[in-house]
Amino acid sequence: MSLASIGVPGLIIILVIVLILFGPKKLPEVGAAVGKTLAEFKKSAKDIMEDEEPVAPKEIKKPDQL
């Protein structure tokens, strides 16, 4: 389920519920916290994807070469 499948009416309902729960004074703080969390999640996901590059196998030495 993506954000696009929620639609405008669903988004309005979610915003009204958030407004009721947190009040108008806390709404900017909640929005900023959600934004920071999303940005951190995207950064972490990008870092994980970059870390999963194929690694060349290490050369295995025979016991007589040690």
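See above for the structure.
A few points on the structure. Note that the structure is predicted; figures quoted are calculated from it, not measured.

## Observations regarding the overall build of the chain
Scanning the chain from N- to C-terminus turns up one helix and zero strands. Counting over 66 residues, the chain shows a buried share of 2%. Accessible surface for the chain amounts to roughly 6,500 Å². Of this, 69% is attributable to carbon and sulfur atoms.

## Examining the environment of Leu19
Within the secondary structure, Leu19 is located in helix α1 (residues 7–51). Residues Leu19 and Val30 lie eleven residues apart in sequence; the distance between their C-alpha atoms is 10.0 Å. Leave out the neighbours within four places in its chain, and Leu19 touches Pro24 and Leu27.

## A few points about a negative patch on the surface
Residues Glu40, Asp47, Glu50 and Asp51 make up a contiguous surface patch of negative charge. Structurally, the position occupied by Glu50 is in helix α1.

## Re α1
Here α1 is 45 residues long, yet its end C-alpha atoms lie only 35 Å apart, well below the 66 Å a rise of 1.5 Å per residue gives. Of all the bends in α1, the largest measures some 105° and sits at Gly23, one to four residues before the proline Pro24.

## Section: a nonpolar patch on the surface
Together, Val8, Ile12, Val16 and Ile20 make up a nonpolar patch on the protein surface, roughly 400 Å² of accessible area in all. Following the sequence through the fold, Ile12 ends up in helix α1. Exposure remark for Ile12: the relative accessible area of 48% places this residue in the partly exposed category.

## So, the pattern of salt bridges
Enumeration over the complete set of coordinates arrives at one salt bridge. A salt bridge links Lys26 to Glu29; the shortest N-O distance between them is 3.7 Å. Of this pair, Lys26 and Glu29 both sit in helix α1, separated by three residues, roughly a single helical turn.

Cut-off values and rules
Residues numbered from 1 in each chain as written. Predicted model: local features only at pLDDT ≥ 70, side-chain atom pairs only at ≥ 80, totals over all residues. Heavy atoms only, no water. Helix = DSSP H or I, 4+ residues; strand = E, 2+ residues; numbered from the N terminus. Buried < 20%, exposed > 50% of the residue type's maximum accessible area, 1.4 Å probe, protein only. Areas by Shrake-Rupley, 256 points an atom, 1.4 Å probe, with all protein chains shown as cover. Contact = heavy atoms within 4.5 Å. Patch = residues over 30% accessible without salt bridge, like charges linked within 9 Å, V, L, I, M, F, W, Y side chains within 5 Å. Salt bridge = Lys/Arg side-chain N within 4 Å of Asp/Glu carboxyl O. Lys, Arg positive; Asp, Glu negative; His and termini not counted. Charge placed at Lys NZ, Arg CZ, Asp CG, Glu CD. Expected span 1.5 Å × (residues − 1). Bend = angle between axes of the 7 residues up to and from the residue.

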